[in-house]
Structures are given as C-alpha cells and as structure tokens.
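Residues per chain, in single letters:
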2 protein chains.
Amino acid sequence: MKTIEKYLTDSGIKPSYQRIRILSYLMNKKNHPTVEMIHKELLHDIPTLSKTTVYNTLKQFVEKGITQIINIEDNKTRYDADISTHGHFKCLNCNKVYDFRFDNKNLEISDIEDFDFLQTHLYIKGICNECKYLLNTKN
Amino acid sequence: MKTIEKYLTDSGIKPSYQRIRILSYLMNKKNHPTVEMIHKELLHDIPTLSKTTVYNTLKQFVEKGITQIINIEDNKTRYDADISTHGHFKCLNCNKVYDFRFDNKNLEISDIEDFDFLQTHLYIKGICNECKYLLNTKN
DNA sequence: TACATTATTATAATCGTTACAAAATTACAA
DNA sequence: TTGTAATTTTGTAACGATTATAATAATGTA
Ligand SMILES: [Mn+2]
Ligand SMILES: [Mn+2]
Ligand SMILES: [Zn+2]
Ligand SMILES: [Zn+2]
C-alpha cells in the first residue's frame, strides 16, 4: 500500500485515492485490462468513480512511463503496469491475454538495422493450453 | 490486371470492379493504408465508391486470408495484402509504416512454448533513418 | 424478358475515446 | 482557522472509426 504511493510520487504523480486504486488494480490483477474492465471492477468500491478519471489516469500513467499500452485487440486498448519488454499472447478462444518472455536482444531483424528502436511489441495469437485441452476433450 | 482477378477468384471472392481496385491499391502501394486512405485515393477514379464498400471488402479479404490487419496504431486499423509473417516499424516522427523481415523460426520464447501459435505480429516503434538524418541536420 | 441472387450504396446507430466545463478536493498563505 | 488558488474528479457532450440496416443497382440464370 505504502509502496504504491511512493512509486507514484517517485514517478511525479500525486497519489490520489483513485490513482492508487487504479494502479493497484493493474499491479495486482496483471490481466491487461481495458478501461471498461477497470472501471466496472472498481465501481464496486468507489461508486462515484468516473470513466473519464480512468481514461485520464491511464493516460498520465503512460505519459509518466509507469504503464504501457497493449494493442493486441482490434478495437480497444489494454493496459499493463509491467513496463518491461515482454510479449503478449492472446487466446482466440477464451480471449485471455498471457505474458511471455522473449529474447529481445537476439531478435534477428533485417532491412531496418539502422533505425532507432524505442519500443518493441511482440503479439502472438492462437490457442492457449487450457483451451487446447478443453477443445480436445469436447470432440 | 488479369492476375488479380484470378487471385480473387482462387480465393473464393467474386472479382467485382471495386474489389479489384481495392486489392490492386493494397498490392501496388504497399503502404499499409487505413480505410480512409484507400477510400480517399480511389474516390478520384471511382466517384461513387462508398466507404462501406471499402470496409466490407477489407473484412472479406481478411476472412478469406488474402489481407492481414496491422494494429500498430492506437486508434485506426491498417491493412496489408502481404500476408507473409513480417514485422512492421512505425516511425514516430513521420508516421510511415515500414516492413522488415525477422527470423520467426528462431524467436526465443519462454512460458508459452506449448500454446498453438496462429499469428505472430512484431511491431517496433522509433525513428526511421530518413527522419534521423533530417532531425540531426536541423539542430 | 423475368426473376432471384449478389454487390454496392447511403444513412443511421454503436462504441471507444477525447474535449470541455462545472463541482469537489487539496494545498497553502494570511 | 479561513480564504483563495491550484489540482483533481466528475458528468456530459462531441468525435471518429466501425458496424448495422435497408434501399438501390448490378449480375446471373432460366
Ligand atoms: Mn504484460
Ligand atoms: Mn507489411
Ligand atoms: Zn484460451
Ligand atoms: Zn520517419
């Protein structure tokens, strides 16, 4: 609890109640939520929470570099408080988004060697293990 | 010209005039256009072209597997008639989207080894060579 | 030609997101 | 503490990309 406030302060963000709760949600759930998911969930505890506040807060988190945007969906943005470079796998059956690690340093890339790389996003879509099992036992 | 019609037919798509023109645009320009870009450009030649037709056509192309969706932008969808697995680099200065090749086979991925992979999207953002040069000479 | 099927178009509706201004909260000096 | 300025949150309206719907046009076929 205390650590999250300090993390916000150190990042140049005043630790308001809403901001603390939204960041806690991201850090604890680790579910790459949409704005809708965060708002719906926190509304139970904070009945006055505005969706605009969720949007504003996430925008600020991204600007201050403590949250990254995950664009694995066609339409809606997902957010991740894990700002390390890691990959995301979306299961096309259950729609869950999984983290995975990949060797960013040894990516063998051609054609754009001299460009300046600032962000790397690796998205893989397919069927997760759980669904593979479920789909097999069904048939 | 003839080849595009055959390509559509072989993919199970009736080669209407609009579909031929939209696919030609994708294949010739290779610029990962948005719906807006395609519509605006083709409107010069086909003044009656509806934006809905562009949407419908691209949806069909994706369903039939002859076009892939590029989600490198936050808000709008881009399309690519090159359905091979390749990476995309977006320059944060000039907003151009470049193709690049990467070694998909030798990607070193942990944690999700047993999942079924269906699509792999590698997006890198940064500054392209052209802009690097321009930005340097400016200062 | 006559009729059924398919494709295209125009328009309205939807949905995620952003803009804006009012209300609430917080910071701080008198 | 009190008054006032600055910041944060909220509600509502506006926006832009996309989808749904229904009418019109084009195409295929008997
Ligand atoms: Mn993640
Ligand atoms: Mn491409
Ligand atoms: Zn799954
Ligand atoms: Zn550039």
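Please refer to the structure placed before this passage.
Residues numbered from 1 in each chain as written. Chains lettered and ligands numbered in written order. Predicted model: local features only at pLDDT ≥ 70, side-chain atom pairs only at ≥ 80, totals over all residues. Heavy atoms only, no water.

Asks: Account for the protein's contact with DNA strand D, with residues named and values stated.
Replies: Around DNA strand D sit 14 residues, and of these Ser16(A), Thr48(A), Thr53(A), Tyr55(B) and Thr77(B) come closest. Residue Ser16(A) places a side-chain N or O atom 2.3 Å away from a phosphate oxygen belonging to DNA strand D. Broken down by element, the surface near DNA strand D gets its largest block of residues, three residues, from helix 4 (residues 51-63) of chain A. Here the surface near DNA strand D is built from residues that sort into two nonpolar, nine polar and three charged. (Near = heavy atom within 4 Å. Polar contact = N/O pair within 3.5 Å; in protein donor to acceptor, adjacent residues only side chain to side chain. Helix = DSSP H or I, 4+ residues; strand = E, 2+ residues; numbered from the N terminus. Nonpolar A, V, L, I, M, F, W, Y, C, P; charged D, E, K, R; others polar.)

Asks: Account for the interface of chain A and chain B, naming residues and giving values.
Replies: Listed by partner, the interface residues are 38 residues for chain A and 37 residues for chain B. Of the roughly 3,400 Å² buried at the junction of chain A and chain B (both faces included), carbon and sulfur atoms supply 56%. Our enumeration of links across chain A and chain B arrives at four salt bridges. In this structure, the salt-bridge partner of Asp116(A) is Lys132(B), at a minimum N-O distance of 3.6 Å. At the junction of chain A and chain B, the tally comes to 18 residue pairs in polar contact (both at pLDDT 80 or more). Contributions of two or more residues to the side of chain A that touches chain B are made by strand 4 (97-102), strand 5 (109-110), strand 6 (116-127) and helix 5 (129-138) of chain A. (Contact = heavy atoms within 4.5 Å. Buried area = accessible area lost by both parts, 1.4 Å probe. Salt bridge = Lys/Arg side-chain N within 4 Å of Asp/Glu carboxyl O.)

Asks: How would you explain the sheet that holds strand 6 (residues 116-127) of chain B if you had to name every residue and give the values?
Replies: Ordered in space as 5(A)-4(B)-3(B)-6(B)-6(A)-3(A)-4(A)-5(B), the eight strands form an open sheet in which the pairing is mixed. Single-partner strands in this sheet number two, and they are strand 5 of chain A together with strand 5 (109-110) of chain B. Direction of pairing for strand 5 of chain A relative to strand 4 (residues 97-102) of chain B: antiparallel, over a ladder of two bridges. When the bridges of strand 4 of chain B are listed, Ser110(A) appears paired with Arg101(B). (Pairing = 2+ DSSP bridges.)

Asks: Which residues make up the protein's contact with DNA strand C, and what values go with them?
Replies: Of all residues adjacent to DNA strand C, which total 14 residues, the nearest are Tyr55(A), Thr77(A), Ser16(B), Gln18(B) and Thr53(B). Restricting the count to atoms of DNA strand C within 4 Å of the protein gives a sugar and phosphate share of 78%. Thr77(A) has a polar side-chain atom sitting 2.8 Å from a phosphate oxygen of DNA strand C. Gln18(B) has a polar side-chain atom sitting 2.9 Å from a phosphate oxygen of DNA strand C. A per-element tally of the surface near DNA strand C places helix 4 (residues 51-63) of chain B first, with three residues. Here the residues of the surface near DNA strand C sort into two nonpolar, nine polar and three charged.

Asks: I'd like a description of unusual backbone geometry, backed by residues and values.
Replies: Positive phi, normally seen in glycine, also occurs at Asn95(A), with a value near 65°. In this structure, His32(B) takes a positive phi of about 50° despite not being glycine. Here His32(B) lies in the loop between helix 2 (17-29) and helix 3 (35-42). Residue classification places His32(B) among the buried positions, given a relative accessible area of 2%. (Buried < 20%, exposed > 50% of the residue type's maximum accessible area, 1.4 Å probe, protein only.)

Asks: Requested: an account of helix 3 (residues 35-43) of chain A, with residues and values cited.
Replies: Of all the residues in helix 3 of chain A, the buried ones are Val35(A), Ile38(A), His39(A) and Leu42(A). Around the axis of helix 3 of chain A, the buried residues are gathered within 95° of arc, so they sit on the same side. (Arc of directions from axis to C-beta.)

Asks: So what's going on with the coordination of the zinc ion (ligand 4)? Which residues, and what values?
Replies: For a metal bound by four donors in a tetrahedral arrangement, the ideal donor-metal-donor angle is 109.5 degrees, while six donors in an octahedral arrangement ideally sit at 90 or 180 degrees. Residue and element names in this part refer to chain B. Every protein donor of the zinc ion (ligand 4) is accounted for by Cys91 (SG), Cys94 (SG), Cys128 (SG) and Cys131 (SG), and the metal-donor separations fall at 2.3 to 2.4 Å. One can describe the donor arrangement at the zinc ion (ligand 4) as tetrahedral, given that its four donor atoms subtend angles of 105 to 116° at the metal. Written as a sequence motif, the donor arrangement for the zinc ion (ligand 4) is C-x2-C-x33-C-x2-C. (Donors = N, O, S within 2.8 Å, 3.2 Å for Na, K, Ca; no water. Tetrahedral: all angles 85-135°; square planar, octahedral: opposite > 155°, others 65-115°.)

Asks: Got a sec to walk through the environment of Tyr55(B)? Specific residues and values, please.
Replies: All names here are of chain B. By secondary structure assignment, the location of Tyr55 is in helix 4. Tyr55 gets classed as partly exposed once you look at its relative accessible area, which sits at 48%. When the C-alpha positions of Tyr55 and Ile38 are compared, they lie 10.0 Å apart, and in sequence the two are 17 residues distant.

Asks: Lay out the coordination of the zinc ion (ligand 3) in plain terms, naming residues and giving numbers.
Replies: All names here are of chain A. Within the protein, the zinc ion (ligand 3) binds to Cys91 (SG), Cys94 (SG), Cys128 (SG) and Cys131 (SG); these donor distances fall in the range 2.2 to 2.4 Å. Coordination at the zinc ion (ligand 3) comes from four donor atoms whose angles at the metal span 105 to 115°, giving a geometry best classed as tetrahedral. For Cys91, a relative accessible area of 0% translates into the label buried. For Cys131, a relative accessible area of 4% gives the class buried.

Asks: Please give an account of the side chain of His88(B) that cites residues and values.
Replies: Residue and element names in this part refer to chain B. On the secondary structure map, His88 appears in strand 3 (residues 87-91). The class of His88 is buried, set by a relative accessible area of 1%. Once residues lying within four places of it in the same chain are set aside, the contact partners of His88 are His32, Gln68, Ile70, Ile72, Asp80, Val97, Tyr98, Asp99, Phe100, Leu122, Tyr123 and Ile124.

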